[in-house]
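Listed here are the chains, written in short residue letters.
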Amino acid sequence: MWGLDLNSVNRMVIRSILMDIIGCALQFGFQTGALANTRKILQHVFQLPSTSLKVSVMVAGLPIGGIFGGLSGGYFADLIGRKRCILLNNIPMTIGTVLMAIAYDEYSFIVGRIIAGFACGISTGVGPMYLSEVSPLNVKGAVGVLNQFMITTGIFISFVFSLDSVLKVVPEQPAQFNDDLWHLFFATPLLFSVVQVVLLPFCPESPGWLLIHKKDLDIAKQALTKLRNDEEEADREISMMIEERTHASDRTMVSYKELFTTPHLLLGPFFDHHTYLTVCFFLVVPELGQSLLCNIEIFFMDKEPAR
């Protein structure tokens, strides 16, 4: 499946991958698609016209929070570790999800949406980081595809769970619906967080972080041995990490300010394909396109058919 030979992968690796994608990728996908079918219900609950700015902020709240979460995720991951960052990220995710589920007005819902977006921003950065660092070299590509697949799966699940037939919305009369079900729908992501919080602690921390940032060779080797179930393979990968770190120490680090103020870096995607921003350019554009298409879909679904 996706080029992933499960027989060649240690069970601990599989467990770590599953706990990561359930609480990060699947969670992010569900939160992304949560308003596709429920926006009209929220408009009736909070008595808002479809043209209200508050409705727009409800939809945009997730990416607004995601901007700050995405920018800070790497810092927290380096500071406290990949696994601990993912676990603690469930705190803002839970707070945001609960605020949306019990929202008594549009303001509490928007605040919850932004907080959940902040958590999603962190998870979309740190989650793949952890996946890459615990996965064996021969399955890294397949695991990366699996992460994206689970995001789209989360979007699909949220779409199905928010169908009119599931939320008991009366066709052609969206004002008539089961008032309890929409609360339960927005509380659904709590299940993903619970699974991750309960089971991820039994998975090892990223060996790369333990070696490079915590500088603890013995603990890094223990974690990698659990993941590879082969001490010789663990020693070989540790040696590769040390060698990569030695070469990396000779490179000049680029700050966010330098990245967007240095001409040859800023214009790199158009003139020089050997720059950092080239990679960023080709990563960001598909994500922006995906978000744009989701919002366009919501916009057109809300339009009444011409008579």
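Here the structure is a predicted model, which means the values were calculated and not measured.

The next point concerns the overall build of the protein. A tally of helices and strands in the protein yields 17 helices and zero strands. Residues classed as buried in the protein amount to 41% of the 307 residues present. Nonlocal contacts in the protein, meaning residues at least 24 apart in sequence, comprise 72% of its contacts between residues at least 6 apart. For the protein, the exposed area adds up to about 17,100 Å²; of that, 66% sits on carbon and sulfur atoms.

Compared with the 32 Å implied by 1.5 Å per residue over 22 residues, the 31 Å span of helix 7 (residues 140–161) between its first and last C-alpha is a close match. Considered for burial, the residues of helix 7 that qualify are A142, V143, L146, N147, M150, I151, G154 and S158.

Glancing now at a nonpolar patch on the surface. A surface patch of nonpolar side chains, amounting to about 430 Å² of accessible area, comprises V194, V195, V198, L199 and F202. Considering the arrangement of structural elements, one finds V194 in helix 10 (residues 189–199).

Put simply, helix 3 (residues 53–80) and helix 6 (residues 106–134) touch, their axes get as near as 6 Å, and they point 35° apart. The element helix 3 and its partner helix 6 pack so that their crossing is right-handed. Its residues assigned to classes, the contact of helix 3 with helix 6 shows 17 nonpolar, nine polar and three charged.

Attention now moves to the packing of aromatic side chains. This model, assessed by the stated rule, comprises eight aromatic pairs. The interplanar angle of 80° and the centroid separation of 6.1 Å between the aromatic rings of W182 and F186 together place this pair among those described as edge-to-face. Remark: F186 and W182 occur in helix 9 (residues 181–187); sequence separation between them is four residues, near one turn of the helix. The residues W182 and F186 share a single accessibility class, namely buried. With a centroid separation of 5.1 Å and 75° between ring planes, the pair formed by F185 and F186 is classed as edge-to-face. Note on F185: relative accessible area 3%, which makes it buried. Grouping aromatic residues by their ring pairs yields a cluster made of F30, F46, F109, W182, F185, F186 and F192.

Our next topic: unusual backbone geometry. At Q47, a position not held by glycine, the phi torsion is positive, near 55°. Note on placement: Q47 falls in the loop between helix 2 (39–45) and helix 3. The exposed category is assigned to Q47, whose relative accessible area is 65%. A positive phi is found at N229, a non-glycine position, where the angle reads about 55°.

A full pass over the atoms with the stated rule returns seven salt bridges. Put simply, E237 and R228 hold a salt bridge, and the shortest N to O gap is 2.7 Å. Like R228, E237 is buried. Here the salt bridges share partners, and the residues they tie into one network are D78, R82 and E133.

A few words on the nonpolar core. By size, the foremost hydrophobic cluster in this structure holds 51 residues, and its most contacted members are L42, F46, M58, F109 and F186. If you list the elements that add at least two residues to this core, you get helix 1 (11–33), helix 2, helix 3, helix 4 (82–88), helix 5 (90–101), helix 6, helix 7 and helix 9. Core analysis: the second largest hydrophobic core is formed by nine residues, L210, L211, L224 and M241 among them.

Now for the environment of S123. Here S123 is to be found in helix 6. Distance in space between the C-alpha atoms of S123 and G23 is 8.2 Å, their sequence separation being 100 residues. When neighbours within four sequence positions are excluded, S123 is seen to be in contact with C24, N89 and P128.

Taken as a whole, the protein shows an average pLDDT of 81; of its residues, 74% reach a score of 70 or greater. Within the protein, helix 16 (residues 268–271) has the poorest average pLDDT of any element, 52, and helix 5 the best, 96.

Taking 1.5 Å as the rise per residue, helix 6 with 29 residues should run 42 Å; its terminal C-alpha atoms sit 41 Å apart, in good agreement. Backbone nitrogen of Y107 and a side-chain oxygen of the N-cap are separated by 3.1 Å at the start of helix 6; the cap is D105.

What follows deals with the packing of helix 1 against helix 10. It is the contact of helix 1 with helix 10, at a shortest axis distance of 9 Å, that shows an interaxial angle of 165°. What the angle tells us is that helix 1 and helix 10 run roughly antiparallel. Handedness of the helix 1/helix 10 crossing: left-handed. Where helix 1 approaches helix 10, its residues M19, D20, I22, G23, C24, L26, Q27, F30 and Q31 are matched on the opposing element by P189, F192, S193, V195, Q196 and L199.

Definitions and limits used
Residues numbered from 1 in each chain as written. Predicted model: local features only at pLDDT ≥ 70, side-chain atom pairs only at ≥ 80, totals over all residues. Heavy atoms only, no water. Helix = DSSP H or I, 4+ residues; strand = E, 2+ residues; numbered from the N terminus. Buried < 20%, exposed > 50% of the residue type's maximum accessible area, 1.4 Å probe, protein only. Contact = heavy atoms within 4.5 Å. Areas by Shrake-Rupley, 256 points an atom, 1.4 Å probe, with all protein chains shown as cover. Expected span 1.5 Å × (residues − 1). Patch = residues over 30% accessible without salt bridge, like charges linked within 9 Å, V, L, I, M, F, W, Y side chains within 5 Å. Salt bridge = Lys/Arg side-chain N within 4 Å of Asp/Glu carboxyl O. Axes fitted to C-alpha atoms, helices over the stretch in contact; angles between N-to-C directions. Left-handed = near helix turned anticlockwise from the far one by under 90°. Nonpolar A, V, L, I, M, F, W, Y, C, P; charged D, E, K, R; others polar. Phe/Tyr/Trp six-rings, centres within 6.5 Å; stacked < 30°, edge-to-face > 60°. Core = buried A, V, L, I, M, F, W, Y, C linked by side-chain atoms within 4.5 Å. pLDDT = per-residue confidence, 0-100. Polar contact = N/O pair within 3.5 Å; in protein donor to acceptor, adjacent residues only side chain to side chain. Parallel < 35°, antiparallel > 145°, perpendicular 65-115°, else oblique.

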